[in-house]
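Architecture and fold: a report
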Amino acid sequence: MVSAQQRFPAIVGPTASGKSEVALALAARLGGEIVSCDSVQVYRDFQIGCAKPSAAERQRVPHHLLDVARFDEAFDAQRYGELANAALAEITLRQRVAIVCGGTGLYLRTLRWGLAEAPSADPVLRAQLEQDERTTPGCLFQRLLTLDPETAQTIDRQNPVRVLRALEICLLAGEPASALRARHGFAAERVPLQVWFLDWPPDALRQRIVERTQGMLAHGLLDEVSTLLAAGVAADSRPMRSVGYKEAVDVVTGHAAETGLAERIVLSTWAYARRQRTWFRKERDVHVIPVTASREFPFVVDQICKG
């Protein structure tokens, strides 16, 4: 566990909000290193679709928690918290500034507040639940809605991993996951963070998503997905089900036309960005920084440095 005397800056926000650009500038200013907080960037060989920092960026500023898992490896919020905590401690030991950066809200919450005690995953039960969902799409969410309506109302129902886990907890613990969280309380920080949320006007953020999507396709997203599939990466693996990759997989495997691909990715990404905004706005002790243009990023870095 890192020292409670050290409060680490964390740059968060929706996809395409400029988190990485701000974190890189902040690291250059402070002599820092970046600890990624992204649930897809942890996977090796996934680059374009998750906007992983380039080789040049990683050479300029050291990055941590990139490329730490295989596509078929179990990787969850608890594992992220363990690795991120170790990275923060190691960076601090070298008297460098650790900067957390990313948009995966659950990972950030786990790192900062810890996880409520819950039953471990049950492979047999999971296999049965996954089979049920394949047979009757949407049935897991409906069961969760019955057993734990509080969690069902707040969970990202488009994320099958989280829906399955929430239902699994209910079935194994014999009580709702929301009850476990209520007992936990999330009252004390396990890792002290100073969280900065980059808040764009919706229209401006959507335009940035459009431009980012166009850039990904121009830089070879479809080729990346084709290469991954040819190398044996499963089309239904967790990283391949993420926004952007899922739509590209459908095209490469012939389940969707390439025409309209950019529009489909933008639509999915925008829906995801809205969920991210909602998540971070509900988090406690988050500093909101309004941003209207990327030229304001130096001002954002100044604000963060002033605390």
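Preceding this paragraph is the structure being described.
Residues numbered from 1 in each chain as written. Predicted model: local features only at pLDDT ≥ 70, side-chain atom pairs only at ≥ 80, totals over all residues. Heavy atoms only, no water.

1. Topic: the packing of aromatic side chains
All told, the structure shown has six aromatic pairs when counted by the stated rule. Plain terms: the ring middles of F75 and Y107 are 6.3 Å apart, the flat faces sit at 50 degrees to each other, and that makes the pair tilted. With F75 in the loop between β3 (63-64) and α3 (77-93) and Y107 in helix α4 (residues 105-113), the pair connects residues that are 32 residues apart, well separated along the chain. Assigned by exposure class, F75 and Y107 land together as buried. With centroids separated by 6.2 Å and ring planes inclined at 85 degrees, the aromatic side chains of W200 and F297 adopt a geometry described as edge-to-face. Here F297 lies in helix α14 (residues 297-306) and W200 lies in the loop between β5 (193-199) and α10 (202-218), a separation of 97 residues in the sequence. Neither residue differs from the other here; W200 and F297 are each classed as buried. Among the aromatic side chains, those forming a connected cluster through ring pairs are Y43, F46 and Y245. Here R162 stacks its cationic end above the ring of W279, 5.9 Å away from the centre of that ring. Over the face of the ring belonging to W113 we find R284, whose NZ or CZ atom lies 4.2 Å from the ring centre. (Phe/Tyr/Trp six-rings, centres within 6.5 Å; stacked < 30°, edge-to-face > 60°. Helix = DSSP H or I, 4+ residues; strand = E, 2+ residues; numbered from the N terminus. Buried < 20%, exposed > 50% of the residue type's maximum accessible area, 1.4 Å probe, protein only. Lys NZ or Arg CZ within 6 Å of the ring centre and 35° of its normal.)

2. Some points on the sheet that holds strand β2 (residues 32-36)
A sheet is described by the order of its strands in space; here six strands give the open sequence β3-β2-β4-β1-β5-β6, paired in parallel fashion. At either end of the open sheet lies a strand with only one pairing partner, and these are β3 and β6 (286-290). Of the pairings in the sheet, the one linking strand β1 (residues 8-12) to β5 comprises five bridges and is parallel in character. Looking across to β5, one finds that F8 is bridged to L193. Along the sheet face, helix α1 (residues 19-30) touches β1, β2, β3, β4 (97-102) and β5 and points at about 175 degrees away from the line of β4. (Pairing = 2+ DSSP bridges. Contact = heavy atoms within 4.5 Å. Axes fitted to C-alpha atoms, helices over the stretch in contact; angles between N-to-C directions.)

3. Some thoughts on the side chain of S17
Among the secondary structure elements, S17 is positioned in the loop between β1 and α1. Those residues in contact with S17, other than ones at most four positions away along the chain, are L198, W200, L205, R208 and F297.

4. Re α1
For α1, built from 12 residues, the straight-helix expectation of 16 Å at 1.5 Å per residue is met to within 8% by its first-to-last C-alpha distance of 16 Å. Within the sequence span of α1, burial applies to K19, V22, A23, L24, L26 and A27. Taken from the residues just after α1, G31 is the one with a positive phi, measuring 70 degrees. (Expected span 1.5 Å × (residues − 1).)

5. So, the pattern of salt bridges
Evaluation of the coordinates by the stated rule reveals 18 salt bridges. D67 is paired through a salt bridge with K52; the nearest N and O atoms lie 2.4 Å apart. One end of the pair, D67, is in the loop between β3 and α3; the other, K52, is in the loop between β2 and α2 (55-60), and 15 residues separate them in sequence. Judged by its relative accessible area of 6%, K52 is buried. Here R126 ties to E168 by a salt bridge, and the two come within 3.1 Å at their closest N and O atoms. Of this pair, R126 sits in helix α5 (residues 123-135) while E168 sits in helix α8 (residues 160-173), and the two are 42 residues apart along the sequence. You can call R126 partly exposed: its relative accessible area is 24%. (Salt bridge = Lys/Arg side-chain N within 4 Å of Asp/Glu carboxyl O.)

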